[in-house]
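Secondary and tertiary structure notes
Each chain, written out:
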Amino acid sequence: MKLKWQIAEVTETIQETAQTKSLIFDVPEWQEHFAGQHIDIRLTAEDGYQVERSYSISSPPENGQKVAITVERVEDGEVSPYLTDIVEKGYKLELRGPIGGYFVWKANQTPTKPLLLIAGGSGIVPLMSMLRHRNLNPINSGAVLIYSAKATADIIYYDELNELTKKDGTLKTVFVVTREQPVNWQGYTRRIDLQMFEEVLGKMTTDYNVFICGSTSFVEAAADLLQEFGVSPQNIKTERFG
Ligand SMILES: Cc1cc2nc3c(=O)[nH]c(=O)nc-3n(C[C@H](O)[C@H](O)[C@H](O)COP(=O)(O)OP(=O)(O)OC[C@H]3O[C@@H](n4cnc5c(N)ncnc54)[C@H](O)[C@@H]3O)c2cc1C
């Protein structure tokens, strides 16, 4: 079925970090999505010029037509600065979705392997939908999130991730920062590497259901390292933001 463009109203915005903002839409004709899917947003100028960009959904399926995205401002970008700097509550935007059937995770899917989520920068967005969905549908198999950002101030959903991890003994969250050496920091302060995977994941199993999201270079590096660690490529799903 071809997806229709529809008009959705922004009902709330949240400044997540200096460079990222969440937009929460009310989408009247929303069909249920799966965690990991995305929407397309289309902007039309007065002269008819149009641009489209994809944005992952950060809200869980359980939130229904209250659909959230989180946009990172790309300097000199055509679309993202408009979404982060201009769009406010009450704006109406054209969007279509949900889109994508590959990079998705359902809490009730079998077999239930432990989840391994690896995020670079705004690549956390679709993985956050998975973690929010998992939180609402408690399951026995564990989950590990390894989230790499430039600096602590760039970590999106930091408080929520800490809260989820605190209340759920089966979720392990590991933060990685690559351009800062914060004092009293429990996380890593370098780029992801094989030793990090060995320390975080241990040697019990390599049989994970893996989702990696971020820039192309981050995704490729993480996928290569995981295969070196022993994870089968069949168990690795990737999403590249370009
Ligand atoms: C499936 C999918 C899901 C996505 N989900 C998200 C999401 O959840 N959040 C989000 O913020 N973005 C997401 N993106 C990226 C998004 O679609 C846009 O590419 C991004 O917002 C930049 O668009 P722009 O018009 O501002 O920049 P453009 O005008 O397209 O690009 C301007 C310049 O910035 C460079 N550039 C483009 N994108 C990036 C980037 N991500 N980082 C650094 N430089 C870049 C370009 O090469 C160009 O030089 C997703 C992309 C895909 C394909």
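Thresholds, definitions, all that
Residues numbered from 1 in each chain as written. Predicted model: local features only at pLDDT ≥ 70, side-chain atom pairs only at ≥ 80, totals over all residues. Heavy atoms only, no water. Helix = DSSP H or I, 4+ residues; strand = E, 2+ residues; numbered from the N terminus. Buried < 20%, exposed > 50% of the residue type's maximum accessible area, 1.4 Å probe, protein only. Polar contact = N/O pair within 3.5 Å; in protein donor to acceptor, adjacent residues only side chain to side chain. Axes fitted to C-alpha atoms, helices over the stretch in contact; angles between N-to-C directions. Left-handed = near helix turned anticlockwise from the far one by under 90°. Contact = heavy atoms within 4.5 Å. Nonpolar A, V, L, I, M, F, W, Y, C, P; charged D, E, K, R; others polar. Salt bridge = Lys/Arg side-chain N within 4 Å of Asp/Glu carboxyl O. Pairing = 2+ DSSP bridges.

1. So, the environment of K167
Mapped onto the elements, K167 comes out in helix α3 (residues 158–167). Its relative accessible area of 60% is what places K167 among the exposed residues. The sequence separation of K167 and N135 amounts to 32 residues, and the corresponding C-alpha distance is 9.6 Å. Looking at K167, its side chain comes within polar contact range of the side chain of N135, at 2.8 Å.

2. Points about the packing of helix α2 (residues 124–136) against α3
The geometry of α2 relative to α3 is characterised by a closest axis approach of 12 Å and an angle of 35 degrees between their N-to-C directions. Judged by the sense of rotation from one axis to the other, the crossing of α2 with α3 is left-handed. Across from I124, M128, L131, R132 and N135 in α2, the residues of α3 making contact are E160, L161, L164 and K167. Its residues assigned to classes, the contact of α2 with α3 shows five nonpolar, one polar and three charged.

3. Considerations on the pattern of salt bridges
With the rule as written, the count across this model stands at 13 salt bridges. In this structure, D168 engages R134 in a salt bridge whose closest nitrogen and oxygen atoms are separated by 2.8 Å. Taken together, the residues span a long stretch of sequence, with D168 in the loop between α3 and β9 (171–177) and R134 in helix α2 at a distance of 34 residues. As far as the burial class goes, D168 and R134 line up, both buried. For E220, the salt bridge goes to R240, with nearest N and O atoms at 3.7 Å. With E220 in helix α5 (residues 216–229) and R240 in strand β11 (residues 236–240), this pair connects stretches of sequence that are 20 residues apart. Looking at E220, the relative accessible area reads 39%, which means it is partly exposed. Taking relative accessible area as the criterion, R240 reaches 41% and is therefore assigned partly exposed. If you follow the salt bridges from partner to partner, you end up with D40, E52 and R96 in one network.

4. A few points about the sheet that holds strand β5 (residues 66–72)
Judged by pairing direction, the sheet is antiparallel, and its six strands sit side by side in the order β4-β3-β6-β1-β2-β5 without closing on themselves. At either margin of the open sheet sits one strand with a lone partner, and together these are β4 (50–56) and β5. The average undirected angle you get between the axes of adjacent strands in this sheet is 40 degrees. With four bridges connecting them, strand β3 (residues 38–44) and strand β6 (residues 92–99) associate as antiparallel partners. Within the sheet, the bridge partner assigned to I41 lies in β6 and is L95.

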